[in-house]
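Secondary and tertiary structure notes
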Amino acid sequence: TSRPADEADVPPAKLSQEFQRQRDSTGDRLEGQITIEWPPGQQQQSVHVPFVPAFRDVPEVSCSCDQQGHDPSVRARVAEIRRFGARVELKCSTAPGPISTKIDFVAMLETSSRQAA
């Protein structure tokens, strides 16, 4: 039997990602922005952020909603982190018409972490 898809399991209708990767003596850093469009009435969704190529170990990851010009009722949290990507869960406390949310994202693996592993 198949189960109905949770609202959070449905991929975003429109998703834009922009990342920059930098490797130097301090470590391996991936940072950027994700912009997600919300369909009317949707209150939660998940987004997978791929790390290509994968980090050597599990990086530290943080994200925050860029509230400038976007709906302040949206919250983002990093739900799962792996070497090859992270899952970000988004929740909107209101269910307005279509909105967009911009998320600032950073994944960092310091050189000392890679050497200790």
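These notes cover the structure that comes with them.

The rules behind the values
Residues numbered from 1 in each chain as written. Predicted model: local features only at pLDDT ≥ 70, side-chain atom pairs only at ≥ 80, totals over all residues. Heavy atoms only, no water. Helix = DSSP H or I, 4+ residues; strand = E, 2+ residues; numbered from the N terminus. Buried < 20%, exposed > 50% of the residue type's maximum accessible area, 1.4 Å probe, protein only. Contact = heavy atoms within 4.5 Å. Areas by Shrake-Rupley, 256 points an atom, 1.4 Å probe, with all protein chains shown as cover. Pairing = 2+ DSSP bridges. Axes fitted to C-alpha atoms, helices over the stretch in contact; angles between N-to-C directions. Salt bridge = Lys/Arg side-chain N within 4 Å of Asp/Glu carboxyl O.

1. Details of the overall build of the chain
Looking only at helices and strands, one finds 1 helix and 7 strands in the chain. Going residue by residue from the N terminus, the α and β elements of the chain occur as β-β-β-β-β-β-β-α. For the chain, the residues scored as buried account for 33% of the 117 residues in total. Relative to all contacts within the chain whose residues are 6 or more apart in sequence, the contacts with residues 24 or more apart total 69%. With the model as given, the accessible surface of the chain reaches about 7,100 Å², and the carbon-plus-sulfur share is 47%.

2. Focus on the sheet that holds strand β2 (residues 27-38)
One open sheet accounts for 4 strands, arranged β1-β2-β7-β4; its pairing is antiparallel. Every other strand in the sheet has two partners, leaving β1 (14-24) and β4 (60-66) as the edge strands with one partner each. Averaged over neighbouring strand pairs, the angle between their axes works out to 15° when direction is ignored. In this structure, β4 lies alongside strand β7 (residues 99-110), joined through 7 bridges in antiparallel fashion. Within β7, the residue paired with Cys 63 across the bridge is Phe 105.

3. Description of the pattern of salt bridges
A side chain with one charge may pair with a side chain of the opposite charge, provided their charged atoms come close. What the rule picks out here adds up to 7 salt bridges. Here Glu 31 and Arg 29 are joined by a salt bridge, their closest N and O atoms 3.0 Å apart. Taking relative accessible area as the criterion, Glu 31 reaches 31% and is therefore assigned partly exposed. Note that Arg 87 is salt-bridged to Glu 89, the shortest N-O span being 2.6 Å. One salt-bridge network, held together by shared partners, links Arg 77, Glu 80, Arg 82, Arg 87 and Glu 89.

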